[in-house]
Amino acid sequence: MKKIISLILLVSICFELNAQVNFSIGKTIYPLHAPGFATFFNSYNAELASSIKTPFKADFPSANGWSIKGGYLIMRDDDAGFYYNTTSGVNLLRTKNEAFFANGESRKTVLHMNEWITDVSLGVGGNNFHIAVNGTIQLRFNKVFCSYVYHDGTESFGPEKNLNGIFSANRLMGGYGGEVGFGIKYVQVVFKAAKIYKPFNKDGSTYLNYYSDLAGYKADAALLVNSSWPTEYLPADYHQFVADQLTSESNNNLIYINDYGWQFGLSLMFIIPKKD
Amino acid sequence: MKNIFNCLLFLSCAVIIMSCEKEDRHAKKLYRHEGRWTIDYASIQLFDSTGVIMSDSILPSVGELVMFQSGSLNALYGYRQAVFLFTDTAGTHAFPFEYVFDGKRITIKYCDAPFEIDGTYSSAIDKVNEQQWEIYGTNGNTSAISSMTSKFILHLKRSKN
């Protein structure tokens, strides 16, 4: 709700300031490097090597998805002046990695990255062309859907498999890069590239950053299954996890949001002209 | 121009709303329209080691689930209140329980009905008027790779009042 109120306030203020409101919709691709997941995938492949037909890829493949943003900009009409654009919106990215076993079943991990983004661009340009450098702040809400797929295609999130679950993690991320836009009058095609990094808390020591499944499904499931305790945190090193689950958690053998890489976006920007 | 602006603003808001509070949105599917769901059928399937169905027992309607919006004692974890209206030859009996649903899983607990429905289910069908929840058994084998030996299915349809 806070986000919606902020967006409405932002747009209302822009109208009052006589700035040019713009909206953009586009495609984003993020060839991410996620060290925690890479450790998990590689150790999982090694631990179950004798039963795996097609192992996990070494890291998550590129995430891709859609972005929709709105904001306001200040520029001149002659393509030669100061260009300033600040936008806010969402970026919804998806990627998956799956290991197939010799018995026809598989372990599937699907990563959803829902980002609330605020971008600021500074450069030169106007209605037909602009080039700018930009900074971005992303409030990231990630979820990993970790499931076991049986021979008949049934996808299980149930407690009968220890790793099954929906693991969430949040983090504030930052980025910097550049953008270039071409267009006619009120519509521009914008290509953007931003390098994503972790601006604060580089060691990921806060539990908000860890992929956890604390929604209450797991604790109850353990009581019902009466077997091993289902994990509430995604492990990084699977060997260590299998050897001793409790020690694995207490030794911080956990995955947290620490991905990095370049994020590329191609979007259509619609500019609403100034009030006369 | 103002209409276009309003339209785009509405679209942005819709996307923002869709991108958050998903658990509430999924739970809402269960409790809205009076939250009454008829258990269309319950089924237990048993599989052999090659994945072939050995037996498939189907039990026709055993009653109704009434899902409420109000939180239970475990509301901190998203649990809500519900009632299982269990029907047998002696009539219909009400058994309260708690549930939590995130679109992929549903956990039901504290239900004392003679027909056992407690457990953490995976959601196989998640539609406005139809739900299918399943529990998979591996004969106690909790290793990373182990085939399914049983499947318990609850198939629900929204009650027509």
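Structure: above.
In what follows, the accompanying structure is described. From a predicted model like this one, the values you see are computed outputs, not experimental measurements. (Residues numbered from 1 in each chain as written. Chains lettered and ligands numbered in written order. Predicted model: local features only at pLDDT ≥ 70, side-chain atom pairs only at ≥ 80, totals over all residues. Heavy atoms only, no water.)

## Side note on the overall build of chain B
- The number of helices and strands found in chain B is two helices and nine strands.
- Along chain B, helices and strands appear, N-terminal first, in the series α-α-β-β-β-β-β-β-β-β-β.
- The buried share of chain B, reckoned over its 161 residues, is 47%.
- A total accessible area of about 8,300 Å² is found for chain B, and carbon and sulfur atoms account for 57% of it. (Helix = DSSP H or I, 4+ residues; strand = E, 2+ residues; numbered from the N terminus. Buried < 20%, exposed > 50% of the residue type's maximum accessible area, 1.4 Å probe, protein only. Areas by Shrake-Rupley, 256 points an atom, 1.4 Å probe, with all protein chains shown as cover.)

## Description of the pattern of salt bridges
- Evaluation of the coordinates by the stated rule reveals 13 salt bridges over all chains.
- Among the salt bridges present, the one from arginine 140 of chain A reaches glutamate 115 of chain A, with a minimum N-O distance of 2.8 Å. Here the residue arginine 140 of chain A occupies a position in strand E6 (residues 129–149), and glutamate 115 of chain A occupies one in strand E5 (residues 106–125), the gap between them amounting to 25 residues.
- In this structure arginine 140 of chain A comes out as buried when scored by relative accessible area, which is 0%.
- On the basis of relative accessibility, which here comes to 1%, the residue glutamate 115 of chain A falls in the buried class.
- The shortest N-O distance in the salt bridge between arginine 105 of chain B and aspartate 213 of chain A comes to 2.8 Å. (Salt bridge = Lys/Arg side-chain N within 4 Å of Asp/Glu carboxyl O.)

## Points about the side chain of threonine 87 of chain A
- Mapped onto the elements of the fold, threonine 87 of chain A is located in strand E4 (residues 82–101).
- Those residues in contact with threonine 87 of chain A that lie beyond four places of it in its chain are Asn22, Lys69, Gly70, Gly71, Ile117, Thr118 and Asp119 of chain A. (Contact = heavy atoms within 4.5 Å.)

## Remarks on the environment of leucine 32 of chain A
Residues and elements named next belong to chain A.
- By secondary structure assignment, the location of leucine 32 is in the loop between strand E1 (20–30) and helix H2 (35–47).
- The exposure class of leucine 32 is buried, given its relative accessible area of 5%.
- With residues up to four places along the chain from it excluded, the contact list for leucine 32 reads Asp59, Phe60, Pro61, Ala63, Leu111, Met113, Asp259 and Tyr260.

## Some points on the nonpolar core
- Core analysis: the biggest nonpolar cluster contains 36 residues, and Leu32, Phe37, Phe40, Tyr44, Leu163, Tyr211 and Leu234 of chain A have the highest contact counts within it.
- Counting residues in hydrophobic clusters, the runner-up holds 27 residues, among them Tyr31, Met67, Cys111 and Trp133 of chain B. (Core = buried A, V, L, I, M, F, W, Y, C linked by side-chain atoms within 4.5 Å.)

## Concerning the packing of aromatic side chains
- Taken as a whole and assessed by the stated rule, the structure comprises 26 aromatic pairs over all chains.
- When the centroid spacing of 5.9 Å and the interplanar angle of 25° are considered together, the rings of phenylalanine 101 of chain A and tyrosine 148 of chain A count as stacked. You can see phenylalanine 101 of chain A sitting in strand E4 and its partner tyrosine 148 of chain A sitting in strand E6, a full 47 residues away along the chain. Grouping residues by exposure puts phenylalanine 101 of chain A and tyrosine 148 of chain A together as buried.
- Residues tyrosine 121 of chain B and phenylalanine 152 of chain B carry aromatic rings whose centres are separated by 6.3 Å and whose planes lie at 40° to one another, so their mutual orientation is tilted. With tyrosine 121 of chain B in strand E7 (residues 119–126) and phenylalanine 152 of chain B in strand E9 (residues 150–158), the pair connects residues that are 31 residues apart, well separated along the chain. For the residue pair tyrosine 121 of chain B and phenylalanine 152 of chain B, the accessibility class agrees, reading buried in each case.
- Counting every residue linked through ring pairs, the aromatic cluster contains Phe37, Phe40, Phe41, Tyr44, Phe56, Phe60, Tyr211, Tyr238 and Phe241 of chain A. (Phe/Tyr/Trp six-rings, centres within 6.5 Å; stacked < 30°, edge-to-face > 60°.)

## Section: a nonpolar patch on the surface
All names here are of chain A.
- Taken together, the side chains of Ile25, Ile29, Trp66, Tyr186, Val187, Val189, Phe191, Trp262, Phe264, Leu266, Leu268 and Phe270 present a nonpolar region at the surface, about 1,000 Å² in accessible area.
- Those elements that place two or more of their residues in the nonpolar patch are E1, strand E9 (187–197) and strand E10 (261–272).
- Tracing the chain through its elements places isoleucine 29 in strand E1. (Patch = residues over 30% accessible without salt bridge, like charges linked within 9 Å, V, L, I, M, F, W, Y side chains within 5 Å.)

## Some words on the pairing of strand E8 (residues 165–184) of chain A
Residue and element names in this part refer to chain A.
- In this structure, E6 lies alongside E8, joined through 18 bridges in antiparallel fashion. Along E8, the bridge assignment pairs valine 144 with phenylalanine 167.
- In this structure, the hairpin formed by E8 and E9 is closed by a connection of two residues, where lysine 185 is found at a positive phi of approximately 55°. (Pairing = 2+ DSSP bridges.)

## What to know about H2 of chain A
Residue and element names in this part refer to chain A.
- Compared with an ideal rise of 1.5 Å per residue, which puts 13 residues at 18 Å, H2 spans 18 Å between its outermost C-alpha atoms and is within 8% of the ideal.
- Buried within H2 we find Gly36, Phe37, Ala38, Phe40, Phe41, Ser43, Tyr44 and Asn45.
- Of the surrounding elements, those touching the buried residues of H2 are strand E2 (52–54), E4, E5, E6 and helix H4 (238–243). (Expected span 1.5 Å × (residues − 1).)

Note that every value here comes from positions in space, so none of it alone points to a role or purpose.
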